[in-house]
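Chain and residue survey
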Amino acid sequence: MSSSTASVQPGRIRVLKQARGLPIDQKKLTGPVVYWMFRDQRLRDNWALIHAVDQANKSKVPVAIAFNLFDSFLGAKARQLGFMLRGLQKLHHRLLEQSLNIPFFLFQGEAVDTIPVFLKECGASLLVTDFSPLREVRTWKETMIRKVDESVSIHEVDTHNVVPVWVASDKLEYGARTIRRKITKLLPEYLIDFPTLMPSEMKWPAPQPPIDWERIIADVVRRGAEVPEIQWCEPGEDAALEVLMGHKNGFLTTRLRNYSTDRNNPLKPKGLSGLSPYLHFGQIAAQRCALEGQKVRKLFPQAVDTFLEELIVRRELSDNFCFYQPHYDSLQGAWEWARITLMAHASDKREHIYTRQQLEKAQTADPLWNASQLEMVHSGKMHGFMRMYWAKKILEWTTGPEEALATAIALNDKYHIDGRDPNGYVGCMWSICGVHDQGWRERPIFGKIRYMNYAGCKRKFDVDGYIAYVKRLAGESSKRKAENQLKQVAKQTRLADFLPPLPSQ
Ligand SMILES: Cc1cc2nc3c(=O)[nH]c(=O)nc-3n(C[C@H](O)[C@H](O)[C@H](O)COP(=O)(O)OP(=O)(O)OC[C@H]3O[C@@H](n4cnc5c(N)ncnc54)[C@H](O)[C@@H]3O)c2cc1C
């Protein structure tokens, strides 16, 4: 890590709003800087935070991080919210330990209300925010631009992509082939080491209110109990780095060698990096993963190149799609050839039609599909190869492509720890609507959309072994769930012993 205090590259920053009376080249701020953290929940390797601190120190004003916990965000449940909040709790502890002079404020409610109020209360001059291409987040930012005082500037920093989405391309890209060239050309400029995060030179003037993390997490977990937390994936920045390059089981240190071959074998989940939960919640920077990957390229060139293709090209292609295609999660967002072929086959006869409930409960006639659904429900992470088969079968078993897409997205986002991500929308759009793919031989229901079937899977991997593996996984998870429920009952009973008796009527 370089220790320079170099500013963030201007290409990473978009000025969403310029404060009135403050020319764009005038750097001096009079009030604090607030970083509204949303997608990139980390202290390490975070260009948005680096920019916020840099701007504050240049003007000798204080800087704070603000995070808003929504009452509900795209249906996130205990699984996703618990992981996120436990990661943030660690981030908060680290901030307190490191004496960076950067307080952390947690708000609850709607960000379009809480953040502007906070900016007003603290007299902020600059709001820095990270970048997400999802429409909800963009709508909030548009509201904030209108809502915040004219004396406040707003900067958006793309700290999620190695090459900022608006720099990589100024248009909707057709596929990996077209964006790869553009991204590769820009890597020497953007795939650079991160400077060390500097402490804020000015102390925050007011004491920061304590955060009752345990209560907030317990509340969120209780309300989202329908999809319980997972145990195998420890949240937080340190855990993310451990998964990337830890000595015990790190991806680059111990599991990289066979990535190019094993990543398509659902019986070898450890063949994949396992980084998607951390990348999704921004607990690790893709840029850090890429930098560390490059360091071991000499040892395993093919594996590293395949990993970087997924991590940079495919992942950033998803952001490109969601950024430039407003209909990124509906049939309207498919290429014209795909819409035509899907609609031409929409009323083709289906051998089976299942309701969303039947699919959710893994009640289909296909044991392989049922296993993939159960892997997602119980472990929160279906293997990447199975995700394609899973989504394509939903097209085959629902009344038409619109229903298939809506069902796939709903289930994906409900159960996956890495759900509600541009990769998820694009993954479903690729599988069902042919986005970023080409036309294939025409067949019933699918039209020219690429087809996958059970026999093809059987040729590729040990299907029965995968079904047995998921069966064990589901059994262990159900046992854990039952034990937790028992513990909960015992806790409530113990609590009841201490409660005063109810007044007699
Ligand atoms: C129907 C469907 C749904 C999907 N839903 C999601 C989702 O909700 N969230 C999500 O992050 N990914 C999703 N993916 C993409 C991919 O399957 C996962 O990113 C991958 O399985 C995550 O595991 P990993 O990090 O161990 O993968 P690795 O193979 O180790 O990949 C490393 C990283 O590269 C990126 N990556 C890998 N494959 C792809 C891909 N096909 N497209 C874009 N980026 C990729 C991811 O950021 C991933 O974390 C979906 C794919 C499909 C076909």
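Residues numbered from 1 in each chain as written. Predicted model: local features only at pLDDT ≥ 70, side-chain atom pairs only at ≥ 80, totals over all residues.

Some points on the overall build of the chain
What counts is decided by this rule: Put simply, DSSP H or I for four residues or longer makes a helix, DSSP E for two residues or longer makes a strand, and each gets a number counted from the N terminus. As a reference, a globule follows 2.2 Å times the number of residues to the power 0.38, and the radius of gyration itself is taken over C-alpha atoms. With C-beta atoms placed from the backbone, a residue is labelled by how many other C-beta atoms lie within 10 Å of its own: buried for 20 or more, exposed for 12 or fewer, partly exposed between the two.
Counting its secondary structure elements, the chain contains 21 helices and six strands. Over its C-alpha trace the chain gives a radius of gyration of 24 Å, about what one expects of a compact globule, namely 23 Å for 505 residues. In terms of principal-axis extent, the alpha carbons of the chain reach across some 75 × 65 × 45 Å. Expressed as a percentage of its 505 residues, the buried residues of the chain come to 44%.

Let's talk about the pairing of strand β2 (residues 33-37)
Spelled out, the test is: For two strands to be treated as a pair, DSSP must find no fewer than two bridges joining them.
Along β2, five of the five residues are buried, which leaves the element largely enclosed by surrounding structure. Two elements, β2 and strand β3 (residues 63-69), share five bridges in a ladder whose sense is parallel. Of the residues in β3, the one forming a bridge with Y35 is I65. Two elements, β2 and strand β5 (residues 126-130), share four bridges in a ladder whose sense is parallel. Across the sheet, residue V33 finds its bridge partner in β5, namely L126.

Topic: the packing of helix α3 (residues 111-122) against helix α4 (residues 135-147)
The line we're drawing: Axis definition: a line fitted to C-alpha atoms, limited for helices to the stretch in contact. Angles are taken between N-to-C directions and run from 0 to 180 degrees. Helix crossings are classified by the rotation of the near helix relative to the far one: an anticlockwise turn of less than a right angle makes the crossing left-handed, while a clockwise turn makes it right-handed. Residue pairs qualify as contacts under a 7 Å threshold applied to their C-beta atoms, which are placed from the backbone. In this classification, Asp, Glu, Lys and Arg are treated as charged, Ala, Val, Leu, Ile, Met, Phe, Trp, Tyr, Cys and Pro as nonpolar, and every other residue, Gly included, as polar.
As a packed pair, α3 and α4 sit with axes 10 Å apart at the nearest point and diverge in direction by 35°. By crossing handedness, the relation of α3 to α4 is classed as right-handed. Each of A111, V112, I115 and P116 in α3 lies in contact with α4, whose residues at this interface are W140, T143, M144 and K147. Taken together, the residues of the contact of α3 with α4 break down into six nonpolar, one polar and one charged.

Things to note about helix α16 (residues 367-379)
Cut-off, in case you're wondering: Here, expected helix span is obtained from the residue count minus one, scaled by 1.5 Å.
Taking 1.5 Å of rise per residue, the 13 residues of α16 would be expected to cover 18 Å, and the 17 Å separating its terminal C-alpha atoms lies within 8% of that figure. Along α16, the residues classified as buried are L368, W369, A371, S372, Q373, L374, E375, M376, V377, H378 and S379. Looking at the residues trailing α16, positive phi occurs at G380, about 80°.

Observations concerning the UniProt feature "domain: Photolyase/cryptochrome alpha/beta" (unreviewed entry) in the chain
As a reminder, the rule being used: UniProt positions are given in the numbering used here, feature names are shortened, and annotations may be inferred rather than shown by experiment.
Per the UniProt record, "domain: Photolyase/cryptochrome alpha/beta" (unreviewed entry) is annotated on residues 31-165. Spanning residues 31-165, this segment combines 44% helix with 20% strand, and its end C-alpha atoms are found 30 Å apart.

Remarks on the site of the ligand
Formally: Each residue receives a C-beta atom placed from its backbone. It is near a molecule or strand if this atom lies within 6 Å of it.
Neighbouring residues of the ligand: 28 residues in total, closest L272, S273, G384, G424 and G427. Where the shell around the ligand is concerned, the elements lending two or more residues are α11 (276-280), α13 (301-324), α17 (384-397) and α19 (422-433). For the shell around the ligand, the element with the highest residue contribution is α19, accounting for six residues. Split into classes, the residues belonging to the shell around the ligand amount to eight nonpolar, 13 polar and seven charged.

Some details on unusual backbone geometry
Phi is positive for K60, which is not a glycine, with a value near 55°. Residue placement: K60 occurs in the loop between α1 (47-59) and β3.

A closer look at the sheet that holds strand β6 (residues 153-157)
Read from one edge of the open sheet, six strands run β1-β6-β5-β2-β3-β4, paired in mixed fashion. In this open sheet, the two edge strands, each paired with only one partner strand, are β1 (13-17) and β4 (104-108). The average undirected angle you get between the axes of adjacent strands in this sheet is 25°. Bridge analysis of β5 against β6 gives five bridges, and the strand direction is parallel. By the bridge assignment for β6, V128 is matched with H155. Strands β2, β3, β4 and β5 of the sheet are contacted by α3, whose axis makes an angle of about 160° with β3.

Focus: the domain arrangement of the chain
This is how it is decided: Domain borders in the structure are assigned automatically or taken from a domain database.
In terms of domain boundaries, the chain breaks down into domain 1 (8-160), domain 2 (161-199 + 234-324) and domain 3 (331-478). A separation of 24 Å is found between the C-alpha centroids of domain 1 and domain 2. Each partner contributes to the interface: domain 1 provides 29 residues, whereas domain 2 provides 25 residues. Mapped by element, the contributors of at least two residues to the side of domain 1 that touches domain 2 are α1 and α2 (78-98). For the side of domain 1 that touches domain 2, the element with the highest residue contribution is α2, accounting for six residues. For the side of domain 1 that touches domain 2, the per-class residue count stands at ten nonpolar, nine polar and ten charged.

Some words on the packing of helix α6 (residues 176-190) against α13
Stated formally: For this classification, under 35 degrees means roughly parallel, over 145 means roughly antiparallel, 65 to 115 means roughly perpendicular, and everything else is oblique.
At a minimum axis separation of 10 Å, α6 and α13 run at an interaxial angle of 105°. Judged by the inter-axis angle, α6 sits roughly perpendicular to α13. Judged by residue contacts, A176, I179, R180 and I183 of α6 engage I312, V313, R314, E316, L317 and N320 from α13. Taken together, the residues that form the contact of α6 with α13 break down as six nonpolar, one polar and three charged.

A few points about the confidence of the model for the chain
Basically, it comes down to this: pLDDT measures how confident the predictor is about each residue, on a scale from 0 to 100.
Residues at a pLDDT of 70 or more form 95% of the chain, whose mean pLDDT is 94. Considering only residues more than four positions removed or in separate chains, one finds that residues 1-5, a stretch of pLDDT under 50, has ten contacts.

Here's the deal with α19
Most of α19 sits out of view: twelve of its twelve residues are buried. Within the sequence span of α19, burial applies to P422, N423, G424, Y425, V426, G427, C428, M429, W430, S431, I432 and C433. On its buried side, α19 packs onto α13, α14 (336-344), α17 and α18 (401-415). G434 lies just past α19 and shows a positive phi near 70°.

Looking at the pairing of β4
Where we set the bar: Orient the strands so they point away from the viewer; a crossover is then right-handed if the path from the first strand over the helix to the second runs clockwise.
Sheet topology places β3 next to β4; five bridges connect them, and they run parallel. In the sheet register, L69 faces β4, and the bridge partner there is Q108. Read from β3 through α2 to β4, the crossover connection turns out right-handed.

Let's talk about the nonpolar core
To keep things clear, this is the line we draw: We define the nonpolar core as any set of buried residues of the types Ala, Val, Leu, Ile, Met, Phe, Trp, Tyr and Cys, connected via C-beta atoms lying within 7 Å of each other.
One finds V33, Y35 and L127 to be the most contacted residues of the largest nonpolar core, which totals 127 residues. In terms of residues, this core owes the most to one element, α13, which gives ten residues. If sequence neighbours within four positions are ignored, Y35 has contacts with A48, L49, A52, V63, I65 and V128.

Some points on the environment of R94
Tracing the backbone through its elements, the reader meets R94 in helix α2. A count of 17 C-beta atoms within 10 Å places R94 in the partly exposed class. Distance in space between the C-alpha atoms of R94 and L43 is 8.6 Å, their sequence separation being 51 residues.

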